[in-house]
Amino acid sequence: MLTRIPVTLPDRSYDILIESGGLAELGTRMGSLKLGKKVLLVSNPDIFDYYGKIALYSLEKAGFDVSYHLIPAGENYKTLESIERIYDTALDRRLERSSTMVALGGGVIGDMTGFAAATWLRGIHFVQVPTSLLAMVDASIGGKTGVNHPRGKNLIGAFYQPRLVLIDPAVLKTLPEREFRAGMAEVIKYGVIRDADLFDRLEAAPKLDRFTDLDRELLQTIITRSCQAKADVVSEDEKESGLRAILNYGHTIAHAIESLTGYSAINHGEAVGMGMVAAGAIAVRLGLWTEEEARRQNALIRKAGLETRIPPLDVGEVLDTLTTDKKVKAGKVRFILPTSIGTVEITDRVTPDLVREVLAETGK
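Structure report, in brief. Since this is a predicted model, take the numbers as computed values, not measurements.

As a further point, take the side chain of asparagine 44. Among the secondary structure elements, asparagine 44 is positioned in the loop between strand S3 (38-43) and helix H2 (45-61). Only 3.0 Å separates the side chain of asparagine 44 from the backbone nitrogen of aspartate 46, close enough to count as a polar contact. Setting aside its immediate chain neighbours within four residues, asparagine 44 contacts Leu70, Ile71, Pro72, Ala73, Leu104 and Ile109.

Put into structure tokens, the structure is as follows:
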């Protein structure tokens, strides 16, 4: 069954298509968009070994002239150097402004491919084919693209919307369990910030930490409702001038954790889980929500197999990293904090002393 979720924007509207087995229809779906014939597929070696042939065959069958570029897996390759190598392949293959870059992979591949597409020849077409749960429910939607700076995550980038997001839930069967759990952090985030019913469904599920433990209906619900939530927010606030900032719940401290642990020891979803625990504790201290609500959130994070204790970090370095966060406004760090399960607010009332207290409380 095909599910279509529109992302409605003033200039670059597009569809999210969710369909089991849909990867084999990539060429057909792209063919309907009237794109140029040249396509550069960007992936990593592991994903390409599993799904590269299916994607290439589908594109070639639809009449596209396809080449590919592989980037080693890992957040530590999310750099300008990797982007330059994509440019080299784009130049070698003579990509034109009518050409398309296709991201086949997780959030790292999607972010880099989108940034390369946004900046090659001042912007060419871009299609997202996410293969991780985290990318399906979050990173592939909304047009945030970019790379990391050594001193901060995603500080270099652009808003650049894809022409299409094609989600095939069947590819999750080859996703490592750790990566599946990382994606569940973003799903839980949607429950906390916008969808109390989704939160309740996650609480009612027997298990959440493995793909094989989720029935097909629950998986479809998780992906569809998460995508719909993000599509709704992005449609209302494309470039994060207001509402869209709520999608960063848990991410403020998460980005500091990732940066200070070298983008390798802790992956993005794991850091988001820890960041949500910290944000929840801050909200309790500010009287925004109850200890019981924080307990329910943290229990759900643990149910997804995620760590809730923050690793030992230098608090001064954490505070310094927070000042480089993209949500800083007028010199103040803005936090997204829950006021109940299903609603959040944006505030700059979080003091450095409060962050210190919460890090001590939630640290290992």
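Attention shifts here to helix H10 (residues 268-285). Three or four residues apart is the spacing at which side chains of an α-helix point the same way, because the helix has 3.6 residues per turn. Taking 1.5 Å per residue, 18 residues should reach 26 Å; H10 reaches 26 Å between its end C-alpha atoms and fits that length. Most of H10 sits out of view: 16 of its 18 residues are buried. Regarding H10, its N-cap is asparagine 267, as a side-chain oxygen of that residue lies 3.3 Å from the backbone nitrogen of glycine 269 further along.

Another aspect to go through is the layout of surface pockets. Here the second largest pocket defines a volume of roughly 290 Å³. Contributing to the lining of the second largest pocket are 13 residues, with Ser20, Pro169, Arg216, Leu219 and Gln220 lying nearest its centre. In terms of residues, the lining of the second largest pocket owes the most to one element, helix H8 (residues 216-236), which gives four residues. Partitioning the lining of the second largest pocket into residue classes produces seven nonpolar, two polar and four charged.

Here we take up the pairing of strand S11 (residues 343-347). Of the pairings in the sheet, the one linking strand S10 (residues 335-340) to S11 comprises five bridges and is antiparallel in character. Looking at S11, one finds that isoleucine 336 is bridged to isoleucine 346. In this structure, the hairpin formed by S10 and S11 is closed by a connection of two residues, where glycine 342 is found at a positive phi of approximately 115 degrees.

The subject of this paragraph is the pattern of salt bridges. Going through the model one piece at a time under the given rule, you end up with 23 salt bridges. For aspartate 111, the salt bridge goes to lysine 78, with nearest N and O atoms at 2.6 Å. Taken as a pair, aspartate 111 in helix H4 (residues 107-119) and lysine 78 in the loop between strand S4 (65-70) and helix H3 (80-92) lie far apart in primary sequence, 33 residues in all. An identical accessibility class is assigned to aspartate 111 and lysine 78; each is buried. Between glutamate 361 and arginine 285 there is a salt bridge; the shortest N-O distance is 2.6 Å. Note that glutamate 361 is positioned in helix H13 (residues 352-362) and arginine 285 in helix H10, a separation of 76 residues in sequence.

Pairing is mixed in the open sheet, where seven strands are placed in the order S1-S2-S9-S6-S5-S3-S4. Either end of the sheet is taken by a strand with one partner, and the two such strands are strand S1 (3-7) and S4. The mean inter-strand angle of the sheet, taken between neighbouring strand axes irrespective of direction, is 20 degrees. As judged from the six bridges shared by S3 and S4, these two strands associate in the parallel manner. Residue pairing for S4: lysine 38 is matched across the bridge by aspartate 65. Each of S3, strand S5 (100-105) and strand S6 (125-130) touches H4; the most contacted strand, S5, lies at about 170 degrees to it.

Rules behind the numbers
Residues numbered from 1 in each chain as written. Predicted model: local features only at pLDDT ≥ 70, side-chain atom pairs only at ≥ 80, totals over all residues. Heavy atoms only, no water. Helix = DSSP H or I, 4+ residues; strand = E, 2+ residues; numbered from the N terminus. Polar contact = N/O pair within 3.5 Å; in protein donor to acceptor, adjacent residues only side chain to side chain. Contact = heavy atoms within 4.5 Å. Expected span 1.5 Å × (residues − 1). Buried < 20%, exposed > 50% of the residue type's maximum accessible area, 1.4 Å probe, protein only. 1 Å grid on protein atoms, 1.4 Å probe; cavity = no way out; pocket = protein on both sides within 12 Å on 5 of 7 lines; lining within 4 Å. Points joined across faces, edges and corners; volume = space filled by probe spheres on them. Nonpolar A, V, L, I, M, F, W, Y, C, P; charged D, E, K, R; others polar. Pairing = 2+ DSSP bridges. Salt bridge = Lys/Arg side-chain N within 4 Å of Asp/Glu carboxyl O. Axes fitted to C-alpha atoms, helices over the stretch in contact; angles between N-to-C directions.

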